[in-house]
Amino acid sequence: MTKRNAIVGQSGGPTAVINASLCGVIQKCLSPDNRIEKIYGMIHGIEGFLKDWYMDLGAELSPKERMRLRITPAAYLGSCRYKLPEDLNDAIYPLLFTKFDELNIGYFFYIGGNDSMDTVSKLSRYAAQNGSDIRFVGIPKTIDNDLILTDHTPGFGSAAKYVSATVREIVLDSSVYHQKSVTIIELMGRHTGWLTAAAALSRRQQGDNPALIYLPEIPFSLEQFAKDVERELQQRHCLVVCVSEGLTDSEGTFLCEYSEQKLDFFLQKSPSVLNNSPTGKNLLDNFGHKMLTGCGRVLERFIRERFGVKVRSVDLNVSQRCSGILASMTDIEEAEKAGQMGVQYALNGETGIMAAFLRKADIKTYELAFCSVDVNMVCNQEKTVPLSWISREGNDVTKAYIDYALPLIQGNVCPPMQNGLPEYLYRKINFS
């Protein structure tokens with residue numbers, strides 16, 4: 001069989017290990033015992049490829065640089081949030097496949113989350129309808145851990161490790177004064193609370209802070225929140241609360257969308273206007289998702305005016321996505337293997353699939369296996385934290401979550417250092 005070329009791209013939000021998956025794809029594609037001649041990298045995903053932005057990864061990355069790539073956070077190739085048209089008759093599809101043919105592409109790999117799997121789904125379905133033999137494979141990635149048909153996703157373990165380690169340090173900081181205080185930590189999670197729940201891993205013993213953890217899987221009630229806070233403040237002088245950015249009330253309204261008037265209603269006060277207060281409006285990203293922020297600030301004002309105690313809100317924001325120093329070695333190794341397995345599935349003739357994780361449940365120690373799943377069943381679906389893993393009161397997680405997440409944050413990374421700072425790999429070519 002004549003050798004064909006492969007192409008790989010990264011899409012969606014970056015993580016600490018998305019480049020480890022890229023490294024796995026490159027290593028497997030360049031293995032001398034397979035049928036792939038060259039491996040191209042799309043710069044800024046499918047959107048950049050439409051502008052002819054790509055690079056020859058085999059020629060431009062030395063073996064030493066590939067090893068640095070393995071432990072480099074963020075997205076080496078650059079990312080995008082680009083949604084392909086729903087109509088497979090759109091002119092963009094023959095354009096893309098013409099470009100694939102010009103580069104003799106036989107294998108397409110896309111590293112990303114839910115929306116990226118949607119891209120793999122559409123391209124594989126178009127290929128099937130039009131007799132193309134290109135094989136399309138998705139490599140999972142998301143700190144949100146919300147892809148179905150896989151035990152977990154690369155990126156989640158490292159983000160969970162960063163969250164738990166950082167929350168533990170914030171807990172220490174919050175405890176230095178004896179006065180009553182509340183610290184609210186806002187964490188990523190639009191519709192799922194997998195990452196926010198990782199704050200529970202920071203506890204050293206039962207009853208430790210963070211005492212309250214709220215996930216978007218359970219409707220949020222300010223009245224119940226006030227009762228929870230009051231109870232905890234009677235038992236401790238400092239209280240740490242962790243919340244998902246996507247908390248919604250029983251009517252489906254995001255907490256970060258609360259207007260001053262709505263918050264005043266709960267505070268039973270006259271309306272007032274505070275500087276830097278939530279506006280009740282949100283911007284949308286290219287996929288139509290609300291860009292959430294401000295949940296912590298809403299709760300900060302609520303607690304300050306309801307209880308009259310010192311309170312602050314902390315938003316970890318993008319730092320929780322791709323901290324390389326606090327990456328999980330388990331996560332890096334699994335991400336790399338996911339990339340390798342994705343290539344192997346394509347070489348085996350599979351297409352329209354995603355590489356997935358299977359946790360072996362019949363053994364005492366954590367062990368992972370791999371499989372391929374239909375990408376059409378994965379895309380546009382969302383895996384939430386099981387309700388049985390959330391406390392009956394809706395303000396904590398159970399031991400089942402701890403047992404699930406703890407193996408994923410194991411192992412430390414020791415990147416090469418220069419002048420006291422990690423020496424990560426930066427892309428040499430800049431496409432403007």
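Before reading further, recall that the structure is shown in the block above.
Predicted model, so just to flag it, every value in this text is computed and none were measured. (Residues numbered from 1 in each chain as written. Predicted model: local features only at pLDDT ≥ 70, side-chain atom pairs only at ≥ 80, totals over all residues. Heavy atoms only, no water.)

Draft legend 1. Local environment of the packing of aromatic side chains. Here the structure, examined in full by the defined rule, presents 21 aromatic pairs. Summarising the aromatic geometry, the rings of Phe97 and Tyr126 are spaced 4.8 Å apart at their centres and angled 45 degrees between planes, so their arrangement reads as tilted. Taken together, the positions of Phe97 in helix α5 (residues 92–102) and Tyr126 in helix α6 (residues 114–129) put the pair 29 residues apart, joining distant regions of the chain. What makes Tyr126 buried here is its relative accessible area of 10%. Grouped by ring-pair contacts, the aromatic residues Tyr40, Phe49, Tyr54, Tyr93, Phe97, Phe100, Phe108, Tyr110, Tyr126 and Phe136 constitute a single cluster. In this structure, Lys383 packs its charged tip against the face of Trp194, placed 5.2 Å from the ring centre. (Phe/Tyr/Trp six-rings, centres within 6.5 Å; stacked < 30°, edge-to-face > 60°. Helix = DSSP H or I, 4+ residues; strand = E, 2+ residues; numbered from the N terminus. Buried < 20%, exposed > 50% of the residue type's maximum accessible area, 1.4 Å probe, protein only. Lys NZ or Arg CZ within 6 Å of the ring centre and 35° of its normal.)

Draft legend 2. A look at the sheet that holds strand β3 (residues 54–56). If you trace the seven strands from one edge of the open sheet to the other, you get β3-β2-β1-β4-β5-β10-β11, paired in mixed fashion. What marks the edges here is a single partner per strand, and that holds for β3 and β11 (368–374). Direction aside, neighbouring strands of the sheet carry axes that sit 30 degrees apart on average. Across three bridges, the pairing between strand β2 (residues 36–42) and β3 is antiparallel. Across the sheet, residue Met42 finds its bridge partner in β3, namely Tyr54. (Pairing = 2+ DSSP bridges. Axes fitted to C-alpha atoms, helices over the stretch in contact; angles between N-to-C directions.)

Draft legend 3. Spotlight on the sheet that holds strand β8 (residues 238–244). Ordered in space as β7-β8-β6-β9, the four strands form an open sheet in which the pairing is parallel. Strand pairing shows two members of the sheet lacking a second neighbour, β7 (212–214) and β9 (310–315), which therefore form its edges. On average, adjacent strands in this sheet sit at an angle of 15 degrees to one another, irrespective of strand direction. Across seven bridges, the pairing between strand β6 (residues 181–187) and β8 is parallel. In the sheet register, Val182 faces β8, and the bridge partner there is Leu239. Relative to the sheet, helix α9 (residues 222–233) contacts β6, β7 and β8, its axis offset from that of β7 by approximately 160 degrees. (Contact = heavy atoms within 4.5 Å.)

Draft legend 4. Main features of the side chain of Asn5. Considering the arrangement of structural elements, one finds Asn5 in strand β1 (residues 4–10). With a relative accessible area of 6%, Asn5 lands in the buried category. Looking at Asn5, its side chain comes within polar contact range of the main-chain nitrogen of Lys38, at 3.1 Å. When residues no more than four places from it in sequence are discounted, the contact partners of Asn5 are Ile36, Glu37, Lys38, Tyr40, Leu103, Asn104, Ile105, Gly106 and Tyr107. (Polar contact = N/O pair within 3.5 Å; in protein donor to acceptor, adjacent residues only side chain to side chain.)

Draft legend 5. Structural detail: the pairing of β2. Most of β2 sits out of view: five of its seven residues are buried. Looking at chain direction, β1 and β2 are connected through four bridges and run parallel. Paired with Ala6 across the bridge in β2 is Ile39. Handedness of the crossover joining β1 and β2 through helix α1 (residues 18–29) is recorded here as right-handed. (Right-handed = clockwise from strand over helix to strand, strands pointing away.)

Draft legend 6. View of the nonpolar core. Ranked by internal contacts, the top residues of the largest apolar core, which has 35 residues, are Val8, Leu22, Leu57, Tyr76 and Phe109. Sorting the residues of this core by element identifies β1, α1, β2, β4 (105–112), β5 (135–140), α12 (329–347) and β10 (353–359) as the ones contributing at least two each. Each residue touching Leu57, except ones within four places of it in the same chain, is listed here: Val8, Leu22, Ile26, Ile39, Tyr40, Gly41, Tyr76 and Leu77. (Core = buried A, V, L, I, M, F, W, Y, C linked by side-chain atoms within 4.5 Å.)

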